[in-house]
Amino acid sequence: MSTSFLKKYKVIQRVGEGSFSQVLKCQDRNTGLFYAGKRLKRIYKSISEIMESPEIIVMRKISRHPNILYMIEFH
Ligand SMILES: Nc1ncnc2c1ncn2[C@@H]1O[C@H](COP(=O)(O)OP(=O)(O)OP(=O)(O)O)[C@@H](O)[C@H]1O
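Residue positions are given per chain, counted from 1 along the sequence in the order it is written. The predicted origin of the model limits local features to residues at a pLDDT of at least 70 and limits the giving and counting of side-chain atom pairs to 80 or more, whereas totals for whole chains, interfaces and linings rest on all residues. Side-chain figures throughout are based on the complete set of non-hydrogen atoms in the structure, without hydrogens or water.

As recorded in an unreviewed UniProt entry, the protein chain goes by Protein kinase domain-containing protein and comes from Microctonus aethiopoides.

Spelled out as structure tokens, the structure:
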């Protein structure tokens, strides 16, 4: 888990697991708001490698809709 992520969010508990990731309940340390954090199981060497991964490409393409979850950021 990256330093930048842990600086911004506190991990509360694990809430689920899929084929590619673990899902963590996280709390923004500044706002107190809760978010679902997806921790990809594969280890990446760089930010560009993350950006080229199928999971991130798909999540970045999803347009915002009230009934569809979208990615806020990645670390
Ligand atoms: N936003 C969320 N809030 C709460 N729980 C979530 C959220 N997203 C995922 N989960 C939980 O984490 C589990 C895994 O989610 P994830 O999206 O990684 O995989 P999946 O789509 O269910 O499975 P797979 O990746 O194998 O197709 C879900 O089944 C659900 O229980």
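1. A look at the overall build of the protein chain
The helix and strand labels rest on DSSP assignments: H or I over at least four residues marks a helix, E over at least two residues marks a strand, and numbering proceeds from the N terminus. Looking only at helices and strands, the protein chain has three helices and three strands in total. Written out in order from the N terminus, the α and β elements of the protein chain read α-β-β-β-α-α. Compactness check: the protein chain gives a C-alpha radius of gyration of 13 Å against a globular reference of 11 Å for 75 residues, within 12% of the reference. Judged by the C-alpha coordinates and their principal axes, the protein chain covers about 30 × 30 × 20 Å. Buried means the residue's accessible area, taken with a 1.4 Å probe over protein chains only, is under 20% of the maximum for its type, while exposed means over 50%, and partly exposed covers the values in between. A buried classification covers 17% of the 75 residues belonging to the protein chain. Looking at the protein chain alone, contacts between residues at least 24 apart form 15% of all its contacts between residues at least 6 apart. Reported accessibility uses the Shrake-Rupley method at a 1.4 Å probe radius. Residues are deemed covered only where the shown protein chains occlude them. Carbon and sulfur atoms provide 56% of the accessible area of the protein chain, an area that totals close to 6000 Å². Atoms counted for the radius of gyration: C-alpha only. Globule rule: 2.2 Å times residue count to the power 0.38. Here, two residues are considered to be in contact whenever any of their heavy atoms come within 4.5 Å of each other.

2. Some points on the UniProt feature "binding site: ATP" (unreviewed entry) in the protein chain
Mapped onto this structure's residue numbering, the UniProt feature "binding site: ATP" (unreviewed entry) falls at Lys-38. On the secondary structure map, Lys-38 appears in strand S3 (residues 34-40). Judged by its relative accessible area of 60%, Lys-38 falls in the exposed class. Contacts of Lys-38, omitting those with residues within four sequence positions, involve Ser-21, Gln-22 and Val-23. UniProt positions are given in the numbering used here, feature names are shortened, and annotations may be inferred rather than shown by experiment.

3. Some thoughts on a nonpolar patch on the surface
Together, Val-58, Ile-62, Ile-68, Tyr-70 and Ile-72 make up an exposed nonpolar region whose accessible area comes to about 420 Å². Among the secondary structure elements, Ile-62 is positioned in the segment after helix H3 (54-61). Like-charged residues are merged into a patch within 9 Å and nonpolar side chains (Val, Leu, Ile, Met, Phe, Trp, Tyr) within 5 Å, provided each residue has over 30% relative accessible area and no salt bridge. The rule for a salt bridge is simple: a side-chain nitrogen of Lys or Arg has to be within 4 Å of a carboxyl oxygen of Asp or Glu.

4. Considering the site of the ligand
A single heavy atom is enough: if one lies within 4 Å of a molecule or strand, its residue is considered near that molecule or strand. Around the ligand, the neighbouring residues are Val-15, Gly-16, Glu-17, Gly-18, Ser-19, Ser-21, Val-23, Ala-36, Lys-38 and Leu-69. Here a polar contact is taken to be a pair of N or O atoms separated by no more than 3.5 Å, where protein atoms must pair a possible hydrogen donor with a possible acceptor and residues adjacent in sequence count only if both atoms sit in side chains. Separating an oxygen atom of the ligand from a side-chain N or O atom of Ser-19 is a distance of 2.4 Å. The separation between an oxygen atom of the ligand and a polar side-chain atom of Lys-38 is 2.7 Å. Bound to the protein, the ligand loses 47% of the 600 Å² it would expose on its own. When contributions to the shell around the ligand are tallied by element, the ones reaching two or more residues are strand S1 (9-17), strand S2 (21-28) and S3. For the shell around the ligand, the element with the most residues is S1, which contributes three residues. Looking at the shell around the ligand residue by residue, the classes come out as four nonpolar, four polar and two charged. When residues are grouped by polarity, Ala, Val, Leu, Ile, Met, Phe, Trp, Tyr, Cys and Pro land in nonpolar, Asp, Glu, Lys and Arg in charged, and all others, Gly among them, in polar.

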